[in-house]
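Architecture and fold: a report
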Amino acid sequence: MTTRTAVVTGASSGIGAATARRLAAAGFRVVLAARRKERVEALAAELTEAGHEAEAYPLDVTDRAAVDAFAAALDRCDVLVNNAGGALGTEPVATADPADWRAMYEVNVVGVLNVTQALLPTLIASGDGTVVVLSSTAGHIAYEGGGGYVAAKHGTHAIAATLRLELCGDPVRVIEIAPGMVRTDEFALNRYRGDEDKAAAVYEGVAEPLTADDVADTVEWAVTRPSHVNIDLMVIRPRAQAAQHKVHRER
């Protein structure tokens with residue numbers, strides 16, 4: 001029996017790396033795609049040493065020519081996990097830098113489009129393909145200081161919802177996972193442009209934010225359901241976060 005192949009974008013850290021580990025342990029051959037060559041190569045080596053099948057592929061999902069070359073190099077793809085993304089800044093709409101908005105749109109929306117378009121023929125040809133889109137609760141409800149990220153993640157959500165309609169009748173599932181507050185090493189730090197104090201304040205007093213592995217667990221569960229079962233949308237938050245604007249913080 002041929003081992004099923006899962007492509008994970010943004011696999012160099014956080015949710016992407018955790019998802020790659022989970023899927024490898026579940027028996028998938030994992031292809032790790034991310035911009036940071038040393039990171040994905042180290043993770044591929046870790047997984048290979050543990051007895052799993054893993055390959056690293058340095059990739060910028062916003063570079064369409066590079067994405068097309070990546071897709072052409074793959075012999076098969078059964079699962080695509082569109083995880084690459086991120087946030088920049090917390091400025092209000094009135095003063096936000098359009099360059100930040102463009103950068104977020106490029107990776108969160110166009111990046112997902114690039115990789116999905118490039119791999120869709122292979123996913124359909126597999127006879128049982130799955131596209132996973134990692135969006136965010138920001139893709140479903142707005143919040144102050146998050147305009148650019150909210151707009152981008154609404155775009156990510158729209159891709160998943162539209163693609164599911166357009167692929168109805170084809171042997172491909174489209175799954176959207178929308179995490180709320182997740183504490184990873186880099187997300188908030190990147191958003192606050194390296195300011196460690198501001199990044200730490202996001203989680204201050206929150207007993208147990210989600211971890212990258214919590215989200216990876218839901219991805220693994222969703223893609224390993226029987227092929228006729230589609231998890232259209234899963235929203236996952238920590239218990240302390242009842243809504244985007246309501247978080248319990250211990251003092």
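Provided above is the structure to which this section pertains.
Given the structure is predicted, the values throughout are model-derived calculations rather than measurements.

Moving on, we come to the overall build of the protein. The helix and strand tally for the protein stands at eight helices and nine strands. A globule of 251 residues ought to have a C-alpha radius of gyration of about 18 Å, and the protein, at 17 Å, matches this closely. Each of the three principal axes of the protein carries a C-alpha extent, and together these read 55 × 40 × 35 Å. Classification of the 251 residues of the protein by burial places 47% in the buried group. Taking all contacts inside the protein whose residues are at least 6 apart in sequence as the whole, residues at least 24 apart take part in 71%. Distance between charge centroids for the protein: 4 Å, based on 24 positive and 33 negative side chains.

Strand order in the open sheet formed by seven strands is E3-E2-E1-E4-E5-E6-E7, and the pairing between neighbours is parallel. Where the open sheet ends on each side, the last strands, each with one partner, are strand E3 (54–58) and strand E7 (233–236). Neighbouring strand axes in the sheet, compared pairwise and without regard to direction, differ in orientation by 15° on average. Taken together, the five bridges between strand E2 (residues 29–34) and E3 define a ladder with parallel strand orientation. If you follow Ala34 over to E3, its bridge partner there is Pro58. Each of strand E1 (5–9), E2, strand E4 (79–82) and strand E5 (129–134) touches helix H1 (residues 14–25); the most contacted strand, E1, lies at about 170° to it. Set on the sheet, helix H4 (residues 98–125) makes contact with E1, E4, E5 and strand E6 (172–179); between it and E4 the angle comes to about 170°.

Here we come to unusual backbone geometry. We note that Arg193 has phi near 55°; this positive angle belongs to a residue other than glycine. Residue position: Arg193 is located in the loop between helix H6 (187–191) and helix H7 (196–201). Overall, Arg193 belongs to the partly exposed group, its relative accessible area being 46%.

Our next topic: the side chain of Gln244. Mapped onto the elements, Gln244 comes out in the loop between strand E8 (241–243) and strand E9 (246–247). Reaching out from Gln244, the side chain makes a polar contact with the side chain of Thr137 at a distance of 2.7 Å.

Compared with the 28 Å implied by 1.5 Å per residue over 20 residues, the 28 Å span of helix H5 (residues 147–166) between its first and last C-alpha is a close match. Those residues of H5 that fall on the buried side of the exposure criterion are Gly147, Gly148, Tyr149, Val150, Ala152, Lys153, Gly155, Thr156, Ile159, Ala160 and Leu163.

This part is about the packing of aromatic side chains. Scanning the entire structure with this criterion turns up two aromatic pairs. Between Tyr57 and Phe70, the ring centres sit 4.6 Å apart and the planes meet at 65°, which makes this aromatic pair edge-to-face. Here Tyr57, found in strand E3, pairs with Phe70, found in helix H3 (residues 64–73); they are 13 residues apart in sequence, far enough to count as distant.

It is worth spelling out the packing of H1 against helix H8 (residues 212–223) at this point. Packing of H1 against H8 brings their axes to within 8 Å, and their N-to-C directions diverge by 45°. The angle between H1 and H8 places the two elements in the oblique class. The two elements H1 and H8 meet at a crossing, and its hand is right-handed. Mapping the contact onto sequence places Gly14, Ile15, Ala18, Thr19, Arg22 and Leu23 in H1 and Ala212, Asp213, Val215, Ala216, Asp217, Val219, Glu220 and Val223 in H8. Of the residues in the contact of H1 with H8, the class split is eight nonpolar, two polar and four charged.

This part takes up the nonpolar core. Core analysis: the biggest nonpolar cluster contains 35 residues, and Leu23, Val30, Leu32, Val81, Val132, Leu134 and Ile177 have the highest contact counts within it. Counting residues in hydrophobic clusters, the runner-up holds 24 residues, among them Leu74, Ala118, Leu120 and Val172.

For H1, which comprises twelve residues, the first-to-last C-alpha distance of 17 Å matches the rise-based estimate of 16 Å (1.5 Å per residue) to within 8%. For H1, every residue scored as buried is listed here: Ile15, Gly16, Ala17, Ala18, Thr19, Ala20, Leu23 and Ala24. Contacts from the buried residues of H1 go to E1, E2, helix H2 (37–49), E4, E5 and H8.

Positionally, Ile231 belongs in the loop between H8 and E7. C-alpha separation for the pair Ile231 and Val174, spaced 57 residues apart in sequence, amounts to 7.7 Å. In contact with Ile231, not counting residues within four places along its chain, are Val174, Ile175, Glu176, Trp221, Ala222 and Arg225.

So, how was this worked out
Residues numbered from 1 in each chain as written. Predicted model: local features only at pLDDT ≥ 70, side-chain atom pairs only at ≥ 80, totals over all residues. Heavy atoms only, no water. Helix = DSSP H or I, 4+ residues; strand = E, 2+ residues; numbered from the N terminus. Rg over C-alpha atoms; globule rule 2.2 N^0.38 Å. Buried < 20%, exposed > 50% of the residue type's maximum accessible area, 1.4 Å probe, protein only. Contact = heavy atoms within 4.5 Å. Lys, Arg positive; Asp, Glu negative; His and termini not counted. Charge placed at Lys NZ, Arg CZ, Asp CG, Glu CD. Pairing = 2+ DSSP bridges. Axes fitted to C-alpha atoms, helices over the stretch in contact; angles between N-to-C directions. Polar contact = N/O pair within 3.5 Å; in protein donor to acceptor, adjacent residues only side chain to side chain. Expected span 1.5 Å × (residues − 1). Phe/Tyr/Trp six-rings, centres within 6.5 Å; stacked < 30°, edge-to-face > 60°. Parallel < 35°, antiparallel > 145°, perpendicular 65-115°, else oblique. Left-handed = near helix turned anticlockwise from the far one by under 90°. Nonpolar A, V, L, I, M, F, W, Y, C, P; charged D, E, K, R; others polar. Core = buried A, V, L, I, M, F, W, Y, C linked by side-chain atoms within 4.5 Å.

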